[in-house]
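Report on the structure
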Amino acid sequence: MPAYKRILLKLSGEALMGDDAYGINRATIVRMVKEIQEVTNLGCEVAVVIGGGNIFRGVAGGSVGMDRATADYMGMLATVMNSLALADTMRHEGMTARVMSAISIDQVVEPYVRPKALQYLEEGKVVVFAAGTGNPFFTTDTAAALRGAEIGAEVMLKATKVDGVYTADPKKDPSATRYSSITFDEALIKNLQVLDATAFALCRDQNLPLKVFSIFKPGALKRVVLGEDEGTLVHV
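None of these values were measured; they are calculated from a predicted model. (Residues numbered from 1 in each chain as written. Predicted model: local features only at pLDDT ≥ 70, side-chain atom pairs only at ≥ 80, totals over all residues. Heavy atoms only, no water.)

1. Structural notes on the overall build of the protein
Note the following rule: Numbering of helices and strands starts at the N terminus; helices are DSSP runs of H or I of at least 4 residues and strands are runs of E of at least 2. Both definitions apply: the radius of gyration is a C-alpha atom measure, and the globule rule equals 2.2 Å times residues to the power 0.38. Residue contacts follow a heavy-atom distance rule, with two residues in contact if any of their heavy atoms lie within 4.5 Å. Computed with the Shrake-Rupley method and a 1.4 Å probe, the accessible areas treat only the protein chains shown as cover for residues.
Broken down by element type, the protein carries eight helices and nine strands. In terms of overall size, the protein behaves like a compact globule, its C-alpha atoms giving a radius of gyration of 17 Å where 236 residues would be expected to give roughly 18 Å. Taken along its principal axes, the extent of the C-alpha atoms in the protein is 50 × 45 × 35 Å. Across the protein, every contact between residues at least 6 apart in sequence was considered, and the portion connecting residues at least 24 apart equals 73%. Carbon and sulfur atoms form 52% of the exposed surface of the protein, whose accessible area is close to 10800 Å².

Here it is, written out as structure tokens:
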């Protein structure tokens, strides 16, 4: 029995690169989709927000000196490309996914409409939210917190390279220990960079718990959804 009925999964674009320098690694995206499929098979409703760093990194050199808003819109378009790749891979695995974009590209993906998104989730479809919030100056972490609150997700799952929040950087400090759970206020006092400030404040204000875990650990997503001691739970 899943511990959560509806989740918002935040994936970084970099997670799709695998060991490649940029772009989408086929084997990596297939493995991630299979992890998501395991969770949907449990009866959990899944919405996904994905970043665009894996694509935007490839053109980042050219964005030096560029207007911030323009660079952010380029990043949003990169998330649309990732969302399409994710949805197509899900289709190949026999799943049904719908991509909804915060910026209007009607020939490619449908626009984000909250009631429609809720309907898709209730029908058991995976909803992939593309193009961040649709506004420059906001990260995809903030988009994930916003969409999570809008769809009434019980938890926001932030898939990262590390398997939780640690007392210090585990790569630099071998004595660093993982928090099993921590409050938003404690994370703020200890200056643990869990999310960017806007996303963090939104999760805290909307009482949206956050679970930080490693997407690179096989089966970690399923263990999180089943309520096992995986990753770190940040709560009010």
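After presenting the structure, the write-up continues.
2. Considering the sheet that holds strand β2 (residues 45–50)
As a reminder of what qualifies: Here, strands pair whenever DSSP counts at least two bridges between them.
Strand order across the open sheet formed by nine strands is β4-β3-β5-β2-β1-β6-β8-β9-β7, with mixed pairing between neighbours. The open sheet terminates on both sides in strands that have one partner only, identified here as β4 (110–111) and β7 (181–183). Relative to β2, strand β1 (residues 6–11) runs parallel, the two being bridged by six bridges. From the neighbouring strand, Ile-7 faces β2, where its bridge partner is Val-46.

3. Section: the pairing of β2
Convention followed: Partly exposed describes any residue whose relative accessible area lies between the buried limit of under 20% and the exposed limit of over 50%, with all areas from a 1.4 Å probe on protein chains only and scaled to the type maximum. When the strands point away from the viewer and the path from the first strand over the helix to the second turns clockwise, the crossover is right-handed.
Of all six residues that make up β2, six are buried, and the element is covered over most of its length. Of the two faces of β2, the one holding Glu-45, Ala-47 and Val-49 and the one holding Val-46, Val-48 and Ile-50 are both buried throughout. After leaving β1, the chain enters helix α1 (residues 26–41) and then returns to the sheet as β2, a path that is right-handed. In terms of strand pairing, β2 meets strand β5 (residues 126–130) through three bridges, oriented parallel. Following the sheet pairing, Val-48 is matched in β5 by Val-128.

4. What to know about the side chain of Lys-125
For clarity, the threshold we go by: The definition of a polar contact used here is a pair of N or O atoms within 3.5 Å, where within protein one atom must be able to donate a hydrogen and the other to accept one, and adjacent residues in sequence count solely through side-chain atom pairs.
Tracing the sequence through the fold places Lys-125 in the loop between α4 (114–122) and β5. On the basis of relative accessible area, Lys-125 is assigned to the buried category, the value being 16%. Separated by 2.6 Å, the side chains of Lys-125 and Glu-123 make a polar contact. The residues touching Lys-125, leaving out its near neighbours within four places in the chain, are Val-46, Thr-96, Arg-98 and Tyr-120.

5. Here's the deal with helix α7 (residues 197–205)
The cut-off we apply is this: When we speak of the arc, we mean the arc of directions from the helix axis to the C-beta atoms.
By the burial criterion, the buried members of α7 are Ala-199, Phe-200 and Cys-203. When α7 is viewed along its axis, its buried side chains cluster within an angular range of 100° and face the same direction. Looking at α7, the residues exposed on the side facing more than 90 degrees away from the buried face are Ala-197 and Asp-205. Buried residues belonging to α7 abut α5 (140–150), β6 (155–160) and α6 (184–189). A side-chain oxygen of the first residue of α7 lies 3.0 Å from the backbone nitrogen of Thr-198; this N-cap is Asp-196. Positive backbone phi, approximately 55°, marks Asn-207, located one or two places after α7.

6. Description of the nonpolar core
This is how it is decided: Here, the term nonpolar core denotes a set of buried Ala, Val, Leu, Ile, Met, Phe, Trp, Tyr and Cys residues that are joined through side-chain atoms within 4.5 Å.
Judged by nonpolar contacts, the single largest core of 40 residues is most densely connected at Ile-7, Leu-9, Leu-11, Val-48, Leu-86, Leu-157 and Phe-213. Only β1, α1, β2, α3 (68–92), β3 (97–101), β5, β6 and α8 (220–225) provide two or more residues apiece to this core. Excluding anything up to four places from it in sequence, Leu-11 contacts Met-32, Val-48, Val-49, Ile-50, Gly-51, Leu-86, Ala-159 and Ile-215. In terms of nonpolar packing, the next biggest core, distinct from the first, is built from 32 residues, Val-127, Ala-145, Ala-153 and Val-194 among them.

7. Details of α3
To keep it simple, the criterion reads: Helices are assigned an expected span. That span is 1.5 Å times one less than the residue count.
Helix length check: α3, at 25 residues, gives a terminal C-alpha distance of 37 Å against a target of 36 Å (1.5 Å per residue), a fit within 8%. Within two residues after α3, Gly-94 carries a phi angle of roughly 85°, on the positive side.

8. Examining the pairing of β3
The element β3 is extensively covered by neighbouring structure, given that four of its five residues are classed as buried. With five bridges connecting them, β3 and β5 associate as parallel partners. The residue of β5 that forms the bridge with Met-100 is Phe-129. One ladder, built from two bridges, connects β3 with β4; its direction is parallel. Looking at β4, one finds that Ser-101 is bridged to Pro-111.

9. With respect to the packing of aromatic side chains
Applicable threshold: Stacked, tilted and edge-to-face are the three classes assigned to paired rings of Phe, Tyr and Trp, where Trp is represented by its six-membered ring and a pair needs centres within 6.5 Å; plane angles under 30 degrees give stacked, over 60 edge-to-face, the rest tilted.
All told, the structure shown has two aromatic pairs when counted by the stated rule. Ring centres of Tyr-112 and Phe-129 lie 5.4 Å apart, and the angle between their planes is 85°; on these two criteria the pair is classed as edge-to-face. With Tyr-112 in the loop between β4 and α4 and Phe-129 in strand β5, this pair connects stretches of sequence that are 17 residues apart. Owing to a relative accessible area of 17%, Tyr-112 belongs among the buried residues under this scheme. Between Phe-184 and Phe-200, the ring centres sit 5.2 Å apart and the planes meet at 80°, which makes this aromatic pair edge-to-face.

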